[in-house]
Amino acid sequence: MIRRGSLRKAATHLDIDVSAISRQIRQLEEHLDTLLLERHAGGIKVTEAGRLLVDHYHSQQAAEDAVISRLSALQGLVSGQVRIAVGEGFIADLISAPLQSFMNAYPGIELDVVMAGVNEAMALVKDREVELALLYAPPIDPQLTCHIETRQPLDLIVPADHELAHCRHPMRFQELAKWPVGLMDNPFGMRQMVNAVAHQERVFLHARLHTNSVAVLKNFVRWGTGITFMPELTVAEEIRQGDITVLPMAYSVLSDARAQIVSLTGRELTVAANACLDHLCRGMRFFNADAPRLLDTEC
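Owing to the predicted nature of the structure, the values given are computational and were not obtained by experimental measurement.

**Some words on the side chain of Ser263**
Next, step 1: Along the chain, Ser263 turns up in strand β12 (residues 258-264).
Next, step 2: By relative accessible area, which is 2% here, Ser263 ends up buried.
Next, step 3: A distance of 2.7 Å separates polar atoms of two side chains, one belonging to Ser263 and the other to His147.
Next, step 4: In this structure Ser263 touches Val125, Glu131, Leu132, Gln143, Leu144, Thr145, His147 and Leu269, once residues within four positions along its chain are discounted.

Now the structure itself:
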């Protein structure tokens, strides 16, 4: 009901009669002698007591799932389901080897991978729709626990034969005005960082292309149509093939961008979720080291 916004929508989602839900809520309110829902013309609103009860239920359910998973692990049976929210920029790294090797190592664990921008991914974790989320440049949120973090700058991405490809200095937005720019949509961490710097610099970046697809944006650059901004590892294969060149930007907020794996603060992870977390930390290039360009600089 909290997620659906009304009893009728919740009943439809659960495929039960709305009167049954309403009756059970009234009985619970009478038993607890407190109001759990406030009804108004626009739908329902959960009271503070109702929210507390929902949080208590989810905490108990998570604790029970964690105990059951540990009991199974004691018998040598690592099984269960792990739900992960992933930004599209991580996908190439995820499926290159870590996903397959994890499924081979743990045949009893089912994976549910959901594509989501940073805002949606954070919401999915908070709503307990997923156990883990892979985030790029997320805002600080005390409701989320960060398990690992690496520095993955948001770089300028240009075709390998582009005029800017020969520049040897960190780029500024003012230098990019004459070329077509492609940008991710607003819910994505990459776009939010670009917006923040553009606002700070008082520069308007006129985007010729808006998209929610990293693949579309990469091809926009590969085909020589324009330029964009992405972490180096997101275009690692295109760099290796000689199609794309990466250039650093002259802004600390972009060069200090981080990639994180997070879960809900206070939620105990199952054995399966912990195994998946450990595997992703060790197997994904995004999380076992900072960006290659940074490592090369250190050397």
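**Quick word on the sheet that holds strand β7 (residues 154-159)**
Next, step 1: The strand order across the open sheet built from 3 strands is β10-β7-β11, with neighbouring strands paired in antiparallel fashion. In this open sheet, the two edge strands, each paired with only one partner strand, are β10 (228-231) and β11 (244-247). The mean inter-strand angle of the sheet, taken between neighbouring strand axes irrespective of direction, is 45°.
Next, step 2: Sheet analysis places β7 next to β10, joined by 4 bridges and oriented antiparallel. For Leu154, the partnering residue across the bridge sits in β10 and is Pro231.
Next, step 3: Contacting β7, β10 and β11, helix α8 (residues 214-222) crosses the sheet at an angle of about 120° to β10.

**As for the layout of surface pockets**
Next, step 1: What the second largest pocket holds in volume is close to 320 Å³.
Next, step 2: Together, 18 residues line the second largest pocket, and Ala137, Pro138, Pro139, Ile140 and Gln260 are the ones closest to its centre.
Next, step 3: Secondary-structure elements contributing two or more residues to the lining of the second largest pocket are β6 (144-151), α7 (189-201) and β12.
Next, step 4: In terms of residues, the lining of the second largest pocket owes the most to one element, β6, which gives 4 residues.
Next, step 5: For the lining of the second largest pocket, a count of residues per class yields 11 nonpolar, 4 polar and 3 charged.

**Description of the sheet that holds strand β5 (residues 132-136)**
Next, step 1: Ordered by their spatial adjacency, 5 strands build an open sheet running β4-β3-β5-β12-β6, and the pairing between neighbours is mixed. Either end of the sheet is taken by a strand with one partner, and the two such strands are β4 (109-115) and β6. Pairs of neighbouring strands in the sheet enclose a mean axial angle of 20°, with direction left out of account.
Next, step 2: Relative to β12, β6 runs antiparallel, the two sharing 7 bridges. From the neighbouring strand, Cys146 faces β12, where its bridge partner is Val262.
Next, step 3: Across the sheet, helix α11 (residues 271-283) lies against β3 (80-86), β4, β5, β6 and β12, angled at about 45° from β3, the strand it touches most.

**Things to note about α11**
Next, step 1: Its 13 residues place the ends of α11 18 Å apart at the C-alpha level, agreeing with the 18 Å of an ideal helix rising 1.5 Å per residue.
Next, step 2: Residues of α11 that are buried: Ala272, Ala273, Ala275, Cys276, Leu277, His279, Leu280 and Cys281.

**Some points on the packing of aromatic side chains**
Next, step 1: Within this structure, the stated rule accounts for 6 aromatic pairs.
Next, step 2: Each ring, one from Phe90 and one from Phe287, has its centre 5.7 Å from the other, and the planes form 20°; the classification is stacked. With a gap of 197 residues between them, Phe90 in the loop between β3 and α4 (91-96) and Phe287 in helix α12 (residues 285-288) connect regions that are remote in the sequence.
Next, step 3: On the accessibility criterion, Phe90 (4% relative accessible area) is buried.
Next, step 4: Put simply, the rings of Phe90, Phe286 and Phe287 touch in pairs and so form one group of aromatic residues.

**With respect to unusual backbone geometry**
Next, step 1: In the Ramachandran plot, Ala137 falls in the positive-phi region, its phi being about 55° despite a non-glycine side chain.
Next, step 2: With respect to the element layout, Ala137 can be found in the loop between β5 and β6.
Next, step 3: Taking the relative accessible area as the measure of exposure, Ala137 reaches 16% and is therefore buried.
Next, step 4: A positive phi angle, near 55°, is found at Arg202, a position not held by glycine.
Next, step 5: You can see Arg202 is positioned in the loop between α7 and β9 (207-211).

Cut-offs and rules
Here the residue index of a chain counts from 1 through its sequence in written order. At least 70 in pLDDT is required for a residue's local features to be given in this predicted model, at least 80 for side-chain atom pairs to be given and counted, and no such filter applies to totals for whole chains, interfaces and linings, which use all residues. Each side-chain value is worked out from all heavy atoms of the structure, with water and hydrogens disregarded. Secondary structure is summarised from DSSP: a helix means a run of H or I of at least four residues, a strand means a run of E of at least two, and numbering begins at the N terminus for each. Note on classification: 1.4 Å probe, protein chains only; a residue is buried when its accessible area is under 20% of the maximum for its type, exposed when over 50%, partly exposed between these limits. Counting of polar contacts relies on pairs of N or O atoms within 3.5 Å, with two restrictions inside protein: one atom must be capable of donating a hydrogen and the other of accepting it, and residues adjacent in sequence are counted only when both atoms are side-chain atoms. Residues count as neighbours in contact if any of their non-hydrogen atoms are within 4.5 Å of one another. Two strands are said to pair when DSSP picks up at least two bridges between them. Fitted lines through C-alpha atoms give the axes, limited to the stretch in contact for helices. The angle between two N-to-C directions lies from 0 to 180 degrees. Only protein atoms enter the 1 Å grid used here. Points where a 1.4 Å probe fits but cannot escape make up a cavity, open sets with protein on both sides within 12 Å along at least five of seven lines make up a pocket, and a residue lines them when an atom lies within 4 Å of a point. Grid points are joined across faces, edges and corners, and a volume is the space filled by probe spheres set on the points. The classification used treats Ala, Val, Leu, Ile, Met, Phe, Trp, Tyr, Cys and Pro as nonpolar, Asp, Glu, Lys and Arg as charged, and all other residues, Gly among them, as polar. Helix span, as expected, comes to 1.5 Å for every residue beyond the first. Here the aromatic set is Phe, Tyr and Trp, taking the six-membered ring for Trp, and pairing holds for ring centres within 6.5 Å; pairs whose planes are under 30 degrees apart are stacked, those over 60 apart are edge-to-face, and all others are tilted.

By themselves, these are just geometric observations and shouldn't be taken as functional.
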